[in-house]
Amino acid sequence: MPGSVRSTIVSQFEQVAREQNRKLAPLSDDLVLMESGLDSLCFAIVVARLEDALGFDPFSVVEDIQFPVTLGDFIKIYEDAAK
Amino acid sequence: MLQNDVASLWESLKGTASRPERCIWTIDQRINLQDLFAGSSLSGRLEQLRDRSVLLLTKSQLCAALSLIELDGIARRLILCPPDLDPEHIPFVIDTAAVNAAVSDQEAQICGALHADCVFPWSSTIKRGEHVRGKQHATEWILFTSGTTGPPKMVSHSLASLTGAIKTPSFSAQPIVWSTFYDIRRYGGLQIFLRALLWGGSLVLSDAGEPAKDFLARAGSHGVTHMSGTPSHWRRAIMSGAAGRIAPVYVRLSGEIADQGILDSLRVIYPQAKIAHAFASTEAGVGFEVEDGLAGIPASYFSPSAAGVDMKIEDGSLRIRSGRTALGYLGRENGSLVAEDGYVDTGDMLELRDGRYYFVGRRGGVINVGGLKVHPEEVEAVINRHPRVQMSLVKSRKNPVTGAIVVAEIVLKLEPDSNNSTTEAAALKSEILGDCRRALPAYKVPAAIRIVSSLAVTPSGKVARPDA
């Protein structure tokens, strides 16, 4: 289903922001993750939740993965791993 | 008791403090060492603090930094409180460390616990004037260990043990500017503070409220040459998109396991830099540094007395013996810090693969979330308070952002009227997470909870924990 990885990621961002009482910046592909309103711990939680939701953690599969800077980079890593 | 052959911090710095470029930067201030050495940040009240056990309870890292420089050699003891010390524990600290004076930029916190005459307010303005330092002796430095539950654990060091791993580098034409993501009131950060000072360099202090990208830009603008942090700090720096704002010649990782992924990423960003990962703990001191760009420790490091440190592995965990080891714990109930043979058990478990030793975790399953330690038992205790929970197991899951993260598995009590639906499970999980969030700091709250039908139990009746 196209777009399902993206929508799962977006809803995790929203949920974690809510749980951690953080104000989420408007989500767009060029949003720098560290400026999204979430901190490192929030991203760690998002990655753990996505592993449960999608059934994989792309960061543990690929050895020399680039750390994502923008939301677009982040989504692409997941979409590539889902292929 | 107060004997050693190391000059006080002040005496060690006196010779080079006059260099006008030497300074300490904070987010909004620049302190020239030259000015400090021609005055005092303590209004010159050194005589009143002589031979006393001085609590350094500070809001700003700068207050701690300047007080340490001025009071080492004067005070009997300096008790360096970490930024996250629970105010509830202040009376315990005062009692255990026999505190009879305090230097603070937040006096209100100490009011009531110490007589007002013993509290010395600090301001970031340096008062000029000649201050006679008089006779100096070895001061005991008290640091707090990380990752304990309940009352803090304090260990005793000397300037000699703290600086044992610091070798003065050969002359460098370029000024040295150190910086660290760490807070200097913790062992890892304190090492960087002392390195910056003893190497004749300057220091850029981090600020708790400052976003990573702003801190990197600030450090870059001061020409940082040496930078240190945990692997999680570095991952955050890379993800901020601003890692390229600094161009260090030396990059140091410590406090967590440095995996090959983060070492390789840093190599790409800083192709010219020496990239080293180091092992240190408040109790064991600095153990070793690995500079070949690979994760793990070469087996040769375990040969006798490499670089003045003896290391061995016993029962799977790393043991270290050296002159950098802490002198002991404060308070009798904490027992002995070193074994009879002089080794400190670090509790870090190692595994040999292809000629190198790799860290596999902590004994007892302590989870390291971005440098902060979590005891599974304290999280389980909160989860188990929920009326529907039969038992729980909290464990570590590998995470690309914080190294590890807390997850939980729970077994529910059988209830005849429960329909075990997905909706009910989701509601339960969110209730339990809510309990955890109210009772625990965010990094201890499980990122995910899984309901399982059973958990393995050991013959002694305890939940079986995955080893390390």
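Residues numbered from 1 in each chain as written. Chains lettered and ligands numbered in written order. Predicted model: local features only at pLDDT ≥ 70, side-chain atom pairs only at ≥ 80, totals over all residues. Heavy atoms only, no water.

**Describing the pairing of strand S4 (residues 53-57) of chain B**
Residue and element names in this part refer to chain B.
Right, on to step 1. Among the five residues in S4, five count as buried, and that is most of the element.
Right, on to step 2. Residues of S4 alternate between two faces, with Ser53, Leu55 and Leu57 on one and Val54 and Leu56 on the opposite face, all of them buried.
Right, on to step 3. In this sheet, strand S5 (residues 77-80) lies alongside S4 in parallel orientation, the contact comprising four bridges. Across the sheet, residue valine 54 finds its bridge partner in S5, namely leucine 78.
Right, on to step 4. One ladder, built from four bridges, connects S4 with strand S6 (residues 101-104); its direction is parallel. Across the sheet, leucine 55 pairs through a bridge with alanine 102, a residue of S6. (Buried < 20%, exposed > 50% of the residue type's maximum accessible area, 1.4 Å probe, protein only. Helix = DSSP H or I, 4+ residues; strand = E, 2+ residues; numbered from the N terminus. Pairing = 2+ DSSP bridges.)

**Notes on the domain arrangement of chain B**
Residue and element names in this part refer to chain B.
Right, on to step 1. Looking at the assigned domains, one finds that chain B contains domain 1 (6-352) and domain 2 (366-451).
Right, on to step 2. Once you take the C-alpha centre of each, domain 1 and domain 2 turn out to be 34 Å apart.
Right, on to step 3. On the domain 2 side, the residues contacting the nine residues of domain 1 number 10 residues.
Right, on to step 4. Between domain 1 and domain 2, a total of about 740 Å² is buried, with carbon and sulfur atoms accounting for 47% of that surface.
Right, on to step 5. Here domain 1 is connected to domain 2 by zero salt bridges.
Right, on to step 6. Grouping the constituent residues of the side of domain 1 that touches domain 2 by class yields one nonpolar, six polar and two charged. (Domains from an automatic or database assignment. Contact = heavy atoms within 4.5 Å. Buried area = accessible area lost by both parts, 1.4 Å probe. Salt bridge = Lys/Arg side-chain N within 4 Å of Asp/Glu carboxyl O. Nonpolar A, V, L, I, M, F, W, Y, C, P; charged D, E, K, R; others polar.)

**With respect to the sheet that holds strand S7 (residues 119-121) of chain B**
Residue and element names in this part refer to chain B.
Right, on to step 1. Ordered by their spatial adjacency, seven strands build an open sheet running S7-S6-S4-S5-S9-S10-S20, and the pairing between neighbours is mixed. Two strands close off the open sheet at either side, each with one partner strand: S7 and strand S20 (328-329).
Right, on to step 2. Seen against the sheet, helix H4 (residues 61-71) touches S4, S5, S6 and strand S9 (140-144) and runs at an angle of roughly 160° to S4.
Right, on to step 3. Packed on one face of the sheet, helix H7 (residues 187-198) meets S5, S9 and strand S10 (154-158) and runs near 140° to S9. (Axes fitted to C-alpha atoms, helices over the stretch in contact; angles between N-to-C directions.)

**Considering the packing of aromatic side chains**
Residues and elements named next belong to chain A.
Right, on to step 1. In the structure shown here, the tally under the stated rule is 16 aromatic pairs over all chains.
Right, on to step 2. Ring centres of phenylalanine 13 and phenylalanine 43 lie 5.9 Å apart, and the angle between their planes is 65°; on these two criteria the pair is classed as edge-to-face. On the criterion of sequence distance, the pair formed by phenylalanine 13 in helix H1 (residues 4-19) and phenylalanine 43 in helix H2 (residues 40-54) is long-range, its members being 30 residues apart. For the residue pair phenylalanine 13 and phenylalanine 43, the accessibility class agrees, reading buried in each case.
Right, on to step 3. Following the ring pairs from residue to residue traces out a cluster consisting of Phe13, Phe43, Phe56, Phe59, Phe74 and Tyr78. (Phe/Tyr/Trp six-rings, centres within 6.5 Å; stacked < 30°, edge-to-face > 60°.)

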